[in-house]
Amino acid sequence: MGRPGERRRRVWRLVVIVWLLAVAVAGGLTLWMQDSTEPRGPYVWEETNPDEPPDLPPCPTPEEAGAAACAYADLH
């Protein structure tokens, strides 16, 4: 047999090792998932003409949409 408390120390050591592995894996997954949500480059400015109306889908008619309303605003 071993010294008293040796088994308890071995169990605690195993618990700490498993906890450290779990933290390292979770941190790596977090960084990987965070990077995967970023848009791909290169980043460019989109040029728009303020005099040109935006391309919006047509408003549905009451027969097509029931009680739906169209809420597009023209700021000109």
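Quick summary incoming for the structure in this document. Residue positions are given per chain, counted from 1 along the sequence in the order it is written. For this predicted model, a pLDDT threshold of at least 70 governs which residues receive local features, and a threshold of 80 or more governs which side-chain atom pairs are given and counted, while totals over whole chains, interfaces and linings are taken from all residues. Derived side-chain values reflect all non-hydrogen atoms in the structure, with water molecules and hydrogen atoms excluded from consideration.

### Structural notes on the overall build of the protein chain
- Secondary structure elements follow DSSP: runs of H or I no shorter than four residues count as helices, runs of E no shorter than two count as strands, and numbering proceeds from the N terminus. When helices and strands are counted, the protein chain shows two helices and zero strands.
- Within the protein chain, the fraction of its 76 residues that count as buried is 0%.
- The protein chains shown are the only cover counted for residues, whose accessible areas, like all others here, come from Shrake-Rupley with a 1.4 Å probe. Carbon together with sulfur atoms contributes 63% to the accessible area of the protein chain, which is approximately 8,100 Å² in total. Burial classes follow relative accessibility: with a 1.4 Å probe on protein chains only, a residue under 20% of its type's maximum area counts as buried, one over 50% as exposed, and anything between as partly exposed.

### So, the pattern of salt bridges
- By definition, a salt bridge exists where a carboxyl oxygen of Asp or Glu is found within 4 Å of a side-chain nitrogen of Lys or Arg. Applying the stated criterion across every chain yields a total of one salt bridge.
- Among the salt bridges present, the one from arginine 10 reaches glutamate 6, with a minimum N-O distance of 3.3 Å. Of this pair, arginine 10 and glutamate 6 are both found in helix α1 (residues 6-37), four residues apart, which corresponds to roughly one turn of the helix.
- Residue glutamate 6 is classed as partly exposed on the basis of its relative accessible area, which comes to 30%.

### Structural notes on a nonpolar patch on the surface
- A contiguous nonpolar patch, built from Val16, Trp19, Leu20 and Val23 and spanning about 400 Å² of accessible area, is present on the exposed surface.
- Assignment of secondary structure puts leucine 20 in helix α1.
- Its relative accessible area of 47% is what places leucine 20 among the partly exposed residues. Patches were defined on residues exceeding 30% relative accessible area and lacking a salt bridge, with like-charge contacts within 9 Å and nonpolar side-chain contacts (Val, Leu, Ile, Met, Phe, Trp, Tyr) within 5 Å.

Take it as geometry only, folks, not as evidence of what the structure does.
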